[in-house]
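Structural features, examined
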Amino acid sequence: MRLIDEAEVRARLTYDVAIPIVRRAMIAFSAGETRQLLRSIIPLAEGRLFGIMPGALGERAVFGAKLISVYPDNFARGRPSHQGVVALFDYESGAPVCVAHAGAITAIRTAAASAVATDALARPDAARLALLGYGEQAETHVRAISRVRKLSAITVWGRSAEGAAKFAAHIGPEAGVPVTVAETAQAAVTEADIVCTLTPSREPILEGAWIRPGTHVNLVGAGVASQLEADAILVAKSRFIADSREGVLAQGGEFLRAKAAGIVGDDHVVGEIGQVLAGTLPGRQSAGQVTVYKSLGHVVQDLAAAEALFAAG
């Protein structure tokens, strides 16, 4: 059995590699070519989670699962918040053939998925990026989204001004564009073309009233029904597209809060990003439309990334 450790994942799963992999995986997912179950989430103490995500890339293709722990408090300790493994099984023999570092795969493929959605849904001239959150996903999102849009400015906000300032100083030279720290979340997003929310918040940090026409928003950080990063106003005013419609209807906190308030129904989730990529569902319909991509993360992204690393030797 092959072990692909963190260093190898980060060295070989570049964004130029990961973005096309995720794009193909989400098209296959929405076309019904893959097989998967909804994520099973076991809540632990102190807001920690253990997730189990089984799936297969096809009826006669590699299959496996991701086992992942989510410890939001690890960031303050200098440790990754997501840790675990992706296990691959060979279809022909049924044997486990590979175990890959899930934390590194998750960090890269999540940002790659946001880049895929941004490329499909953001205005072609979108250039100003706002990040709500300054953890590992903020760093990976700068790298991934800069592959699909020519950024001219980045603004970051976080609950710790000191933490946001450290992030800005770190990422600025790599990004090659001005990185500004905003005092409030509202100040961070009011002039943005692309907004990424990257926190495990249980209450909205982003309000729809702050978002100007034509903005694209990636809702990324809230991964279970009890978490949400945006208010019902943003959900209602946007063209709302999911990575997995079934997943968002069951576990998408922002959508579920808006639905519970009677503001939207299930039909407000108009479809999946894989459908937009395949050309079977319209994405952005006008320059002034607000678009939202709700990312819960999907095991087919993990399996496709791990398979590519394994197959390439």
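Residues numbered from 1 in each chain as written. Predicted model: local features only at pLDDT ≥ 70, side-chain atom pairs only at ≥ 80, totals over all residues. Heavy atoms only, no water.

1. Details of the side chain of Arg109
Turning to its location among the elements, Arg109 is positioned in helix α3 (residues 102–121). Side-chain polar atoms of Arg109 contact the side chain of Asp302, separated by 2.9 Å. (Helix = DSSP H or I, 4+ residues; strand = E, 2+ residues; numbered from the N terminus. Polar contact = N/O pair within 3.5 Å; in protein donor to acceptor, adjacent residues only side chain to side chain.)

2. Concerning the layout of surface pockets
Roughly 1100 Å³ of internal volume is contained in the largest pocket. In this structure, the largest pocket is lined by 43 residues; those nearest its centre are Ser81, His82, Gln137, Leu198 and Pro200. Counting only elements with at least two residues in the lining of the largest pocket, the list comes to β4 (49–56), β5 (63–70), α3 and α4 (136–145). Ranked by residue count, the leading element in the lining of the largest pocket is α3, at five residues. A per-class count over the lining of the largest pocket returns 17 nonpolar, 19 polar and seven charged. (1 Å grid on protein atoms, 1.4 Å probe; cavity = no way out; pocket = protein on both sides within 12 Å on 5 of 7 lines; lining within 4 Å. Points joined across faces, edges and corners; volume = space filled by probe spheres on them. Nonpolar A, V, L, I, M, F, W, Y, C, P; charged D, E, K, R; others polar.)

3. What about the environment of Thr34?
Secondary-structure assignment places Thr34 in the loop between α2 (15–30) and β2 (35–36). Residue classification places Thr34 among the buried positions, given a relative accessible area of 5%. Taking the C-alpha atoms as reference points, Thr34 and Ala311, 277 residues apart in sequence, are found 18 Å from one another. Of note is the side chain of Thr34, whose polar atom sits 2.6 Å from the side chain of Gln36. (Buried < 20%, exposed > 50% of the residue type's maximum accessible area, 1.4 Å probe, protein only.)

4. Re the nonpolar core
By size, the foremost hydrophobic cluster in this structure holds 66 residues, and its most contacted members are Leu13, Leu129, Leu131 and Ile273. Looking at which element gives the most residues to this core, the answer is α3, with eleven residues. Excluding its chain neighbours within four sequence positions, the residues that come into contact with Leu129 are Val142, Ile145, Leu151, Ala153, Ile154, Thr155, Ile194 and Cys196. In terms of nonpolar packing, the next biggest core, distinct from the first, is built from 29 residues, Ala130, Ala192, Leu219 and Val264 among them. (Core = buried A, V, L, I, M, F, W, Y, C linked by side-chain atoms within 4.5 Å. Contact = heavy atoms within 4.5 Å.)

5. Some remarks on the sheet that holds strand β9 (residues 153–157)
Overall, parallel pairing links the eight strands, which are arranged β10-β9-β8-β11-β12-β15-β13-β14 in an open sheet. For this open sheet the edge positions go to β10 (179–181) and β14 (269–272), each flanked by a neighbour on one side alone. The average angle at which neighbouring strand axes cross in this sheet is 20°, direction not considered. Bridge count for strand β8 (residues 128–132) against strand β11 (residues 194–197) is four bridges, and the pairing is parallel. Within β11, the residue paired with Ala130 across the bridge is Val195. Of the strands in this sheet, β11, β12 (216–219), β13 (239–242) and β15 (291–294) touch α3, which is tilted by about 160° from β12. (Pairing = 2+ DSSP bridges. Axes fitted to C-alpha atoms, helices over the stretch in contact; angles between N-to-C directions.)

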